[in-house]
Amino acid sequence: MSTNENAAAVEEEVPTPAGTARITWHRATAPRLVLALGHGAGGGIAAHDLQALARALPADGVTVALVEQPWRVAGKKVAPAPKTLDEGWRGLWPALAAAGPPVVAGGRSAGARVACRTGSALGARAVLALSFPLHPPGRPEKSRADELSGTGLPTLVVQGANDPFGNPDEFPAGDHALVAVPDADHSFKVPKRSGRTEAETVTTITDAVRRWLRELP
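Residues numbered from 1 in each chain as written. Predicted model: local features only at pLDDT ≥ 70, side-chain atom pairs only at ≥ 80, totals over all residues. Heavy atoms only, no water.

*Asks:* Tell me about the nonpolar core, residues and numbers included.
*Replies:* Counting 30 residues, the largest nonpolar core has I23, W89, L92, W93, L96 and F132 as its most contacted members. For this core, the secondary-structure elements that each account for two or more residues are β3 (19-26), β4 (33-38), β5 (62-68), α3 (82-97), β6 (103-108), α4 (110-122), β7 (126-130) and α5 (145-149). Here this core gets 6 residues from one element, more than from any other, and that element is α3. In this structure, L57, V62, V181 and W212 belong to the second largest nonpolar core, which totals 27 residues. (Core = buried A, V, L, I, M, F, W, Y, C linked by side-chain atoms within 4.5 Å. Buried < 20%, exposed > 50% of the residue type's maximum accessible area, 1.4 Å probe, protein only. Helix = DSSP H or I, 4+ residues; strand = E, 2+ residues; numbered from the N terminus.)

This is the structure in structure tokens:
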């Protein structure tokens, strides 16, 4: 392991069948849960929602593990097929479980899909889906709702109200909880004309996740 520029964060490289993954640990002092968060296909763990959760949740007794998939660690620009993403996630899961507390599987966009597809089989406590890509933009008939409905676990979706990959009104009814982020797009960015700030958006996301984690049975 190595300590990165954030003194509270520790990096761990983990070999998987899909290549070497990297976990950046933001540890709680007395953790009751681990929240593992994977990134999307178009970005990494620097996404502002992932970083905000990593800053906010350790004070609540939740260790946050930001996970970089092997393709990203290797410096590749294009994400591999879902099967390979799942393989990498399954391969690094033992390192997450070794921390001790129950693990909540989560991620944003493509990372949310991975968490939904694999969470139950891996023994996750619950699933957090940030900006779940319900369908490709402009293609509502290509629904991925079955991945969300098939988690078999307590599931929270946090979705931008203006997400072209599926706004909150498009989600089918199900066992999952859903929190809409006003005016936000797929990256949780809001237009200036909305009058909302990035700080307000981040607070909406972190407060929703914090409440949900506190209420997990």
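Next, the rest of the story.
*Asks:* Tell me what's going on with the confidence of the model for the protein chain, and back it up with residues and numbers.
*Replies:* Looking at the protein chain as a whole, its pLDDT mean stands at 94, while 97% of the residues score no less than 70. Taken together, the stretch residues 2-7 has pLDDT below 50 and engages in 8 contacts with residues farther than four places along the chain or on a different chain. (pLDDT = per-residue confidence, 0-100. Contact = heavy atoms within 4.5 Å.)

*Asks:* A description of the pairing of strand β8 (residues 155-160) should follow, citing residues and the corresponding values.
*Replies:* Across the 6 residues that make up β8, a large majority, 6, are buried. Neither face of β8 is exposed, since T155, V157 and Q159 on one face and L156, V158 and G160 on the opposite face are all buried. When β7 meets β8, the two strands line up parallel, connected through 4 bridges. The residue of β8 that forms the bridge with A129 is V157. (Pairing = 2+ DSSP bridges.)

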